[in-house]
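Residues per chain, in single letters:
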Amino acid sequence: MTTVAETLARPPRLGVGTRVWRFVARHALTVYAILAVGYLIVPIAVVIMFSFNHPPGRFNYVWHKFTFDNWIHWNSVLGIQSALEKSLEVATLATLVATALGTMIALAIVRHRFFGRATTNVVVFLPMSTPEIVMGSSLLALFLNDQNTIQLGFWTIFIAHVMFIISFVVVTVKARLIGFDRHLEEAAMDLGANEWTTFQKVTLPLLAPAILAAGLLGFALSIDDFVITYLNAGPVQTFPIFVWGIARVAVPPQVNVVASAIFLVAIALGLANVVWQYRAAKSTRGRT
Amino acid sequence: MLWLTFFFLLPMGFLGYQSLQSGLFPNFHFTWAFSNFSTALSDYHTQLIRSFAYAGIATIACLVLAYPLAYWIAFRAGPWRNLFLLFIVAPFFVTYLVRTLAWLNILADEGPVVRILRDIHVLGPNGRLLATTFAVVAGITYNFFPFMALPLYVSLEQIDERLLEAAKDLYASPTKAFLRVTVPLSMPGIVAGTLLTFIPAAGDFINAALLGTPNQSMIGNVIQAKFLESLDYPTAASLSFILMGTILVILLIYAKIVGPEKLTG
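1. What to know about the overall build of chain B
Thinking step 1. Counting its secondary structure elements, chain B contains 13 helices and zero strands.
Thinking step 2. For chain B, the α and β elements follow one another from N to C terminus as α-α-α-α-α-α-α-α-α-α-α-α-α.
Thinking step 3. Here chain B holds 265 residues, and the buried ones make up 53% of them.
Thinking step 4. In chain B, 70% of the contacts between residues at least 6 apart in sequence involve partners at least 24 apart.
Thinking step 5. Summed over its atoms, the accessible surface of chain B is roughly 12,300 Å², and 69% of this surface lies on carbon and sulfur atoms.

2. Here we look at the overall build of chain A
Thinking step 1. The helix and strand tally for chain A stands at twelve helices and zero strands.
Thinking step 2. Moving toward the C terminus, one meets the helices and strands of chain A in the order α-α-α-α-α-α-α-α-α-α-α-α.
Thinking step 3. Within chain A, the fraction of its 288 residues that count as buried is 45%.
Thinking step 4. For chain A, long-range pairs separated by at least 24 residues make up 69% of all intrachain contacts whose partners lie at least 6 apart in sequence.

3. Section: the interface of chain A and chain B
Thinking step 1. Opposite the 75 residues of chain A that make contact, chain B presents 73 residues.
Thinking step 2. With both chains or domains summed, chain A and chain B bury close to 6,800 Å², and 81% of this area falls on carbon and sulfur atoms.
Thinking step 3. Taken as a group, Tyr39, Leu40 and Ile133 of chain A account for 10% of the area that chain A buries against chain B, more than any other trio of residues on that side.
Thinking step 4. Here chain A and chain B share one salt bridge between them.
Thinking step 5. One salt bridge connects Asp224 of chain A with Arg99 of chain B, and the closest N-O pair in it is separated by 3.5 Å.
Thinking step 6. Put simply, chain A and chain B have five residue pairs in polar contact (both at pLDDT 80 or more) between them.
Thinking step 7. A total of 19 residues in the side of chain A that touches chain B trace back to one element, the largest contributor, which is helix 2 (residues 14-51) of chain A.
Thinking step 8. Looking at side-chain class alone, the side of chain A that touches chain B contains 57 nonpolar, 13 polar and five charged residues.

4. As for the environment of Asn143 of chain B
Residues and elements named next belong to chain B.
Thinking step 1. For Asn143, the location among the structural elements is in helix 6 (residues 133-157).
Thinking step 2. Taking the relative accessible area as the measure of exposure, Asn143 reaches 2% and is therefore buried.
Thinking step 3. Taking the C-alpha atoms as reference points, Asn143 and Thr100, separated by 43 residues in sequence, lie 7.6 Å from one another.
Thinking step 4. Engagement of the side chain of Asn143 in a polar contact is seen with the side chain of Arg99, the distance being 2.9 Å.

5. A closer look at the side chain of Thr156 of chain A
All names here are of chain A.
Thinking step 1. Positionally, Thr156 belongs in helix 7 (residues 154-178).
Thinking step 2. Residue Thr156 is classed as buried on the basis of its relative accessible area of 2%.
Thinking step 3. Of the polar contacts made by the side chain of Thr156, one reaches the backbone oxygen of Gly153; its length is 2.7 Å.
Thinking step 4. Among residues more than four places away in sequence, those in contact with Thr156 are Phe143, Ile150, Gln151 and Asn232.

6. Overview of the nonpolar core
One recurring pattern in soluble globular proteins: nonpolar side chains tend to sit buried together.
Thinking step 1. Among the nonpolar cores identified, the biggest contains 122 residues, and Phe226 and Val255 of chain A together with Leu69, Ile73 and Leu243 of chain B are the most heavily contacted of them.
Thinking step 2. Examining the composition of this core, we find that 18 residues originate from one element, helix 2 (residues 35-75) of chain B, more than from any other.
Thinking step 3. Discounting residues that sit within four places of it in the chain, Phe226 of chain A has contacts with Pro240, Ile241 and Trp244 of chain A together with Leu97, Phe205 and Ile206 of chain B.
Thinking step 4. Ala106, Ile165, Leu207 and Ala214 of chain A belong to the second-largest nonpolar core, a separate cluster that totals 29 residues.

7. What about the pattern of salt bridges?
Residue and element names in this part refer to chain B.
Thinking step 1. This structure, assessed with the given rule, holds four salt bridges over all chains.
Thinking step 2. For the salt bridge of Glu157 with Arg81, the shortest nitrogen-to-oxygen distance reads 3.2 Å. In this pair, Glu157 sits in helix 6 while Arg81 sits in helix 3 (residues 81-89), placing the two residues 76 residues apart along the sequence.
Thinking step 3. For Arg162, the salt bridge is made with Asp160, and the minimal N-O distance between the two is 2.9 Å.

8. Regarding the side chain of Ser240 of chain B
Thinking step 1. As for its placement among the helices and strands, Ser240 of chain B is situated in helix 12 (residues 233-258).
Thinking step 2. Taking the relative accessible area as the measure of exposure, Ser240 of chain B reaches 3% and is therefore buried.
Thinking step 3. Every residue in contact with Ser240 of chain B, bar those within four places of it in the chain, is listed here: Val134 and Ser137 of chain A together with Ile223 of chain B.

9. Structural notes on the packing of helix 4 (residues 80-111) of chain A against helix 11 (residues 239-247) of chain A
Thinking step 1. Contact pair helix 4 of chain A / helix 11 of chain A: the axes reach a minimum separation of 7 Å and the direction vectors enclose 145°. For the pair formed by helix 4 of chain A and helix 11 of chain A, the contact residues are Ile80, Ala83, Leu84 and Ser87 of chain A on the first element and Phe239, Pro240 and Phe242 of chain A on the second.

10. Quick look at the confidence of the model for chain A
Thinking step 1. A residue-level look at chain A finds 86% of positions with pLDDT of 70 or above and a mean pLDDT of 79.
Thinking step 2. Considering only residues more than four positions removed or in separate chains, one finds that residues 1-12 of chain A, a stretch of pLDDT under 50, has eleven contacts.

11. Points about the packing of aromatic side chains
Thinking step 1. Throughout the structure, instances matching the rule amount to 25 aromatic pairs over all chains.
Thinking step 2. Consider the rings of Tyr39 of chain A and Trp103 of chain B, whose centres lie 6.1 Å apart with planes at 55°: the pair is tilted. Note that Tyr39 of chain A is positioned in helix 2 and Trp103 of chain B in helix 4 (residues 96-107), a pairing that runs across two chains.
Thinking step 3. Taking the relative accessible area as the measure of exposure, Tyr39 of chain A reaches 25% and is therefore partly exposed.

Calculation rules
- Residues numbered from 1 in each chain as written.
- Chains lettered and ligands numbered in written order.
- Predicted model: local features only at pLDDT ≥ 70, side-chain atom pairs only at ≥ 80, totals over all residues.
- Heavy atoms only, no water.
- Helix = DSSP H or I, 4+ residues; strand = E, 2+ residues; numbered from the N terminus.
- Buried < 20%, exposed > 50% of the residue type's maximum accessible area, 1.4 Å probe, protein only.
- Contact = heavy atoms within 4.5 Å.
- Areas by Shrake-Rupley, 256 points an atom, 1.4 Å probe, with all protein chains shown as cover.
- Buried area = accessible area lost by both parts, 1.4 Å probe.
- Salt bridge = Lys/Arg side-chain N within 4 Å of Asp/Glu carboxyl O.
- Polar contact = N/O pair within 3.5 Å; in protein donor to acceptor, adjacent residues only side chain to side chain.
- Nonpolar A, V, L, I, M, F, W, Y, C, P; charged D, E, K, R; others polar.
- Core = buried A, V, L, I, M, F, W, Y, C linked by side-chain atoms within 4.5 Å.
- Axes fitted to C-alpha atoms, helices over the stretch in contact; angles between N-to-C directions.
- pLDDT = per-residue confidence, 0-100.
- Phe/Tyr/Trp six-rings, centres within 6.5 Å; stacked < 30°, edge-to-face > 60°.

This is the structure we're talking about:
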């Protein structure tokens, strides 16, 4: 690439050559970008497509016939509904708790100087820089302690999920807090609000977008997590664990249905966000 | 607020402590059994090396594939920017296992990709893609692609385009401007992206389990099987400790090369 560029860019036809090179580069890049996005999207399309497949045998590998049956009878596969419900339950509960705790930790790290603050910073970062398998097994080692006092199941999954969601919440909220204008809080205090009222009426609303984003991210991570959950689940089945189990036999199209449904909900939220940001950008541009 | 943190700092600190200790947990007694480590290492060093090799190849593949895309989104996408960002994260919205299973469909022996490759004789008439190293590495590359693309995008997006204009004014060719200005300025993104890809990829076992055979099994497969199938906790724990330790060593070497401030910043 370097040599091509240099031969083109060098005299005698410097101006034209450079322009030609740039033209090619620009369009090659656009084409590449579209191809790369295709690479990202194709497997998703495959998932959705095969949710409409009517497989001839047990294996849903080859396209056979179009059908809506899988979507209508999505819960006809034993265990899929309870697994999905379990996933949603864990995700909701863990996200709520982790978001609350994470926000408080972020506030403490940014606002207060206390003994162990640097350590907290590092500890928060650890789960994100550890392979899931290590984190999952260290939690399992904790739960498996000598006397078998802890039953693996819903609550161990819950604890594990809270652990890894917290980190993402702290990082997201912290980023917002660092750019936070504290004069707003001081103003509230000057106007006679006590600390709690200030927090409720000023700090929290300003942090709300970050907290919401963190919560959504946490929810998505929780519902998708397999490795940590699998190690700490005991007999409980969440949706990913259900998929893992059934993947050893034959994956029914209903699994694709549930995955597609989750995807469509998430992408709808994402698109709404894109549109919203686009509008926001437009309106600020209009103002200035 | 302050005491709350302490309250939550404790269990988190305990977790960190526990994960460091776990390697020294022989069956039910604590006997400083360091031999766990040596046996684990001698039994499973192939899987360990393989994990890092696969993760390394996948990380480089991600970098090469994601850089142009991130560059395009940052500099050329214009109003399409957010939409393309959404495309990048779209795979995250499909359950990890299911999107890996989708590659089973795509790479299946009866599938279109294998048929075309057979027709153009890249593969032999009985050649297959599934259950090969290629399938596993490709699966890892796909699954961790967004982890690479997003940090790259963030750092490329922050580059002041005037700097590139300045480079051009100083008679740098586009290639030179790219190599001397764009790449160094996007270094934080490259560092973050490679770490975010490499670390989880090294511990991954889903791709190897679904798209490969025992010949492609990685350290994650071993740890998982030791914990849940053969109930050999000490070996499993020391293996995950070794994995963690190796990653830390790689991190340190990496930090030495790129400069420590770039890792934390």
